[in-house]
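What follows is the residue order along each chain.
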Amino acid sequence: MNPADRSRAGEHAATIRALVDLTRTPSGVTPPIGMPAVRAYEDRSPLPDGRLASFVRATIEGYRETQGLVDVQVCLSPHSRAHHTETTWITLYDWLDDEQRAVIVERALTSGETQPFSVGGDMAWVLALPIRRRGTGTFGYLLALFETEKLANESEQSIETLVEDLALGLALRRHALATDAATELSSALAEAGSHQEALRWMTDILCMATRSDGAKVHVLRRTPAGPRVELLYRTDRPDSPRLRHGLSRKTGFVDWVFVQNDWLLFPARAEAEFAVPRSRSGPPSRAEGEASGQGSRSGPPSRPGSEGGAAQGEASRKDSSPPADSGRDPPRALSGRRGIVAVMPREGVDDADMPAAKDGRPMLIVPLRVRGRVLGVLSLWRHTADLYDAEMDRPLVEMLARHVASACRWLMHWEVMQKAVAEVSELGRVAAAGDTSHAVYRAVCAGVGRLAQAARAVLLLQDGSREGYVYYGVSLWSGVDDEGPLDALAAKYVAEVPAGAENLVSSLCESLRQTHVGGREGVRFTLRLVLPMGSLVDARGAPAGFVALFDQDIPDRERRPTADDGLGREAAATFLEQVAPIAWGSYPQAFAQKVARELSDPSAGPPEGPEHVLARAAELLMNRTGADAVLVYRGDHGKMLVASAAPERADLLGTAAGAHTTEVLQGGRMHAVRDSEDPGDPFFKRMDRRTLNKIAHAYGWNRVRSWLCYPLVENGRTLGLLKLLTRRGGMFLDPCATAVVEAVAARATAEIRRMNRALMLAGLTQLAHDLGGTERHELTRAMAQGVERWARRFIHPRCHVVIIASVRSPQPRLFAFCPHVDPDRFDSDNAERLMSLFDLGRAQQRVEMLEVLPAWEIEGKGAGAHQMITPIDVPGNRSLLAWLLLVSDEAFSTDDLAAAREAAREVSIFLDYEHRRHGWEHQVARFRHAIIGPLQGLTSAARMLAQLASDKVGERDRERVKQLAAQVEQEAESTRLWRENQRIYTSEQVEIVPKHQPLRPVVEKCVKRFTEMLKARGIPLVLVWRPQGSVDFAFDAAALDLIVTNLLDNARKYAFYNREVEVGVEIDGSIVRIWVEDVGHAIPERIARSIYRVGERLDWKDPIRAIDGTGLGLPMARALVEAHGGTIRHSSQPSGQGREKQGELQPHRVRFVVELPHQWRQR
Amino acid sequence: MKPHVLWVDDDDPERFVYERFLLEKDGWKVTWARDVAEAADRLSHEKFDAMILDQMIAGNGVEEQFVIWAGCNLLQWLRGSPPSSQRRRETPWPALQQLAPHDQNKHLPVAILSAYHDAEVLRAIYGASPDQEEKPRFLGKPVQDRELLKFLREVRPHQKSA
């Protein structure tokens, strides 16, 4: 080995040793995972990177033996140093002082010398070389000093090898540094507890890896008002709020980076790539750094061939002028594609541009890209004068920024997912609150809009009743501003797609683009996209609905896609897909049932009647469906009238339903017209505009937009009709409203049915009560009329009732009937059917039919009508066969039949009663006939006997014959009296037949009748007749007889022994006064009124006698007197004769006075 | 020519021996009919001046409910009243459907012997509104001779008791 080879081998060995030592040196990046490491960084303790200088020293030491070498001096550029304290010249012999070195550096940098040049008057020849590798920036400069030019030229190759060795080591060192930082960044993202924490750690790592003093991260986010720049994190104020500002094309460093998708480096100087330290004594002060920065503005151009120089040269050509309106020069920065550019900072203390790069602070701003699109911006800055290197620092930062971009993307993704969860929660809250279905639609619409950060969202639901696909906007959400009633705007969205459209979505979009979209002046919206409503499709496979998302067009506002567009769209689509099956699947039914249950809310009190139920349903529907008005119609197919309205409108009550409503009613099922002015609607031409306009006018609307008719039909009978309306300019009635109406109507129907049953039973109870008080002669008619009234109320308003019954006859007969049916004609028209019906009844076959076919003939009314029949069963009375026949022009239901059964059961007892009464009447009549016949014969014979006797027998026998005849007459009189009394007693109906006749014979007959009876108790009966002559006026002799008889009977029972009873008659003006007076028990005041009522008797106990009685005497007397138009009263005065007893037991003079009006003739 | 009275009663005429004595003494010719068919037959062929009519007239094979209102049915037939009651249509006496009353008998003064109340009988004859001009007179049983003679003398005022 020659000396040169030996020397080269020694140089390599030294280099390899230095490299080995260097690899043993820690990277200098302490992972800031955990607080101590972070504190270590913040404490700014020197990092153990002195070995870098040792490596340089050891390497150049290996070249000490190079022939003619005087000295080697190396200066490392800032990025190669772990800390600025290491920025110094590393020398072999320290041959140059600072001034000499400054001169050499000045010459090398300004002249770009590559050949040896002499210094110090040929004292030495200098080779000045940059330390660099292919594809990297300049790590620093090396100055090799030789004794002669020749030796310098001969050693140039050796020195270049030295430079390569140094570059290799430094590159390895830099590579290791970047690798460690990237590893730590990955660890930070993986191990951080939250994305925010990861971001904090990553910025710390970046600061350490790049020796930066601060970092901040901005992202560009979609907002309803357009893309906005948002500060995500900054190291110096980690807890500061996330400030946002609109993306500007003109101002702001960060905005510039977002817009240009390029990096910026401040300050913009060529020498920024390599700052030569001027002093060995410690780090340069800030003032020095600034001075250096300013001083270097006029510095020499970079060496030819360097990238930085090339960039700078290009930047010089492209240098753009600052805006004219700036009062001062805008800061200049080096950019990647545009060279040196002047960027106008944001005005004021805008956080985005702080700290102020314009003040000369070193700052590097790089875009955070994901798939080439700018997601955010990373800004790094230093408080020192150590400038960032465009070739060394910038690539490192850009490489590491990918990790930050990833963290930002995941953070945004996480936040979007959090928003989606929040939206689901909000939707759940709204659904639980359950004001209206529209609120849920609105929540869905708003949720999609918020997640997609749209300016406006419209929920479109398909109207399944049309050809083609018509989507109505049922809900609208606006994220930009309040433009008044959004529902009114929603009403304008009608997207129509022709049937058979190949691409439904694109056709829908085209339709929506043509739809006028309201907004303030100068504000327009552009359709961004439509999202189908999950997998819900109709029978034709078309989506059941869409959410259309719009962006706001704002003049002079930067519009560009943002990195979170995809996230928002994906989140919105996922959200819609998740909630759609709930919001349009199970929710409407659940909500409808919930609303329907409110109809039976017990806290609202029991409904008073079907009308009340329907009125309550109307109010409920108005509040829960978003309808602007709900009308309730009542009536029947013939005529439906408005019975109630919500909100109340008195002028609408009684309004007849329009022709279209009647048509719906006849169809018997719901019909909805979303837009009454849509000519494509199949119902359009059949709408009764006049009626609709009348309603709209009553409510003060312009016109009607949507209407929905729901007939309440139960078992074929119409209970009513619900009509929901929205005003023009209002919203559409959505499909959920249909579900709610259905549920509420079903509940209302059930309520009405239940109520009708209760009312029906109450009606029957009332009927039974009324019939119970009916006089007997009226019972049959009252029963039939009552049942018909009841049936007309609870079964059908125009039905007829026929009660068919037998009365102990083999021949069928109408026993009871309604006034609307002529029984004779019914008998004759249906003679054969009646015969067979009674045959079946006698055979104990139950005849009950919901629809009697063929129908019974009922005066033509029943011909072709609906009839049902049910038997009236009377337990224990097998001789009574009866049926209840109902006739109506409307079909009967099974419920009607059940109701008829109830009625039949209720009236059966009265029918039985009547039946028995008839039988009893017949028995009595037969008995009367039987007894009166012989009596007539006896009387006639006696009279004949007396007649004969007066002619042919002697005086004594004649007297005897007369006595016998008188006795016969008396018995006959008793029989007649019995007949009259029986009539009045049994009829319970006061029916008198006044005849003009003399009063005295009637009174004398009564007195005569009681004289002997009272005499037996020692009571004389005295007749006081005060009128002169006979009193002849119109009265019922039997009734008056009964009156006086009852009063005398009372006197007989209650008079004390040995006291007088007086019967008196007098005329007082226009009345005839008759009195009966006795001395006996008092009539206490407390019962003075009640003794005239049936069943009331004196409540004292006679210690001596048991006084019997029915309690009928005085009530009957009073009824008879009043039937004559008269009055009856009494007085009860203590009699002076009873000394030994006081109070009620004291003898009282009791006088009953009857006063009858008369038009009398006195003779 | 003596005035002619038709007395329709299913009872034995002997039970009215005194009344017949009085009528004949009063100058009346009394013809007795024991059932509805006989009465209808006589009323369709002979002219009478008055009729005493029992309400309950039994007959062979006639059911009880028809017996009760037999007098009423006969009177309805005589007056030619419209079928206001179902009972008229069910009459078991074919004579009432086959015969027509003598024209001069249609307004015959009638006194009804009834154990029923007057209003009941009127309703049975004329239906719900018994406001008829030719209302019958009502006489109870046993017959009061004074009322009987009063009725007949009102019918024939010139006919004075001998």
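Residues numbered from 1 in each chain as written. Chains lettered and ligands numbered in written order. Predicted model: local features only at pLDDT ≥ 70, side-chain atom pairs only at ≥ 80, totals over all residues.

1. Quick notes on the sheet that holds strand E13 (residues 373-381) of chain A
Residue and element names in this part refer to chain A.
And step 1. Taken together, eight strands build an open sheet; the order of strands is E8-E7-E6-E13-E12-E9-E10-E11 and the sheet is antiparallel. Strand pairing shows two members of the sheet lacking a second neighbour, strand E8 (244-246) and strand E11 (340-342), which therefore form its edges. Pairs of neighbouring strands in the sheet enclose a mean axial angle of 30°, with direction left out of account.
And step 2. Two elements, strand E6 (residues 214-223) and strand E7 (residues 226-234), share eight bridges in a ladder whose sense is antiparallel. (Pairing = 2+ DSSP bridges. Helix = DSSP H or I, 4+ residues; strand = E, 2+ residues; numbered from the N terminus. Axes fitted to C-alpha atoms, helices over the stretch in contact; angles between N-to-C directions.)

2. Thoughts on the pairing of strand E34 (residues 1148-1157) of chain A
Residue and element names in this part refer to chain A.
And step 1. Of the two faces of E34, the one holding His-1148, Val-1150, Phe-1152, Val-1154 and Leu-1156 is buried and the one holding Arg-1149, Arg-1151, Val-1153, Glu-1155 and Pro-1157 is not buried anywhere.
And step 2. Of the pairings in the sheet, the one linking strand E32 (residues 1071-1080) to E34 comprises ten bridges and is antiparallel in character. Across the sheet, residue Ile-1074 finds its bridge partner in E34, namely Val-1154. (Buried ≥ 20, exposed ≤ 12 C-beta atoms within 10 Å, placed from the backbone.)

3. Points about the confidence of the model for chain B
And step 1. Residues with a pLDDT of 70 or more make up 75% of chain B, whose mean pLDDT is 79.
And step 2. The model gives residues 83-89 of chain B a pLDDT under 50, and that stretch makes 18 contacts with residues more than four places away or in other chains. (pLDDT = per-residue confidence, 0-100. Contact = placed C-beta atoms within 7 Å.)

4. Here we look at the environment of Pro871(A)
All names here are of chain A.
And step 1. Tracing the sequence through the fold places Pro-871 in strand E26 (residues 866-871).
And step 2. For Pro-871, a count of 20 C-beta atoms within 10 Å puts it in the buried group.
And step 3. Setting aside residues up to four positions removed in sequence, Pro-871 forms contacts with Arg-846, Val-847, Glu-848, Trp-883 and Ala-904.

5. Focus on the confidence of the model for chain A
All names here are of chain A.
And step 1. Residue-level pLDDT values for chain A average 77, and 78% of them are 70 or greater.
And step 2. For residues 270-326, every residue scores under 50 in pLDDT, and the model assigns this stretch 97 contacts once sequence neighbours within four places are set aside.
And step 3. Counted against residues more than four places away or in other chains, residues 1095-1109, with its pLDDT under 50, gives 16 contacts.

6. Some remarks on unusual backbone geometry
And step 1. Of note, the bond from Ala646(A) into Pro647(A) is cis; its omega dihedral lies within 30 degrees of zero at -5°.
And step 2. Note the cis peptide between Lys141(B) and Pro142(B), where omega equals -10°.
And step 3. Within the secondary structure, Pro142(B) sits in the loop between strand E5 (137-139) and helix H8 (145-155).
And step 4. Although it is not a glycine, Asn261(A) adopts a positive phi angle of roughly 55°.
And step 5. Take Asn261(A): it is sitting in the loop between helix H8 (253-260) and strand E9 (264-266).
And step 6. Here Gln453(A), not a glycine, exhibits a phi torsion of approximately 55°, which is positive.
And step 7. Along the polypeptide, Gln453(A) turns up in the loop between helix H12 (437-451) and strand E14 (456-462).
And step 8. Among the residues examined, Gln453(A) registers 28 C-beta atoms within 10 Å and is labelled buried.

7. Quick look at the sheet that holds strand E1 (residues 69-76) of chain A
All names here are of chain A.
And step 1. Sheet architecture is open: five strands sit in the order E2-E1-E5-E4-E3, paired in antiparallel fashion. The open sheet is flanked by strand E2 (89-91) and strand E3 (117-119), the only strands paired with a single partner. Each strand axis lies, on average, 30° off the axis of its neighbour in the sheet, ignoring direction.
And step 2. Bridge count between E1 and strand E5 (residues 138-146): seven bridges; the pairing is antiparallel. In the strand pairing of E5, Leu-69 is matched with Phe-146.

8. Observations regarding the nonpolar core
Residue and element names in this part refer to chain A.
And step 1. Formed by 173 residues in total, the largest nonpolar core has its most connected members in Leu-722 and Val-744.
And step 2. The element best represented in this core is helix H15 (residues 565-599), accounting for 15 residues.
And step 3. In contact with Val-744, other than residues within four places in its own chain, are Val-595, Ala-596, Leu-599, Ala-617, Leu-620 and Leu-621.
And step 4. In terms of nonpolar packing, the next biggest core, distinct from the first, is built from 45 residues, Leu-767, Phe-826, Ile-869 and Ala-900 among them. (Core = buried A, V, L, I, M, F, W, Y, C linked by C-beta atoms within 7 Å.)

9. Quick notes on the environment of Ile112(B)
And step 1. Mapped onto the secondary structure, Ile112(B) falls in strand E4 (residues 110-113).
And step 2. Remark: the alpha-carbon pair of Ile112(B) and Gly140(B), spanning 28 residues in sequence, is separated by 8.2 Å.

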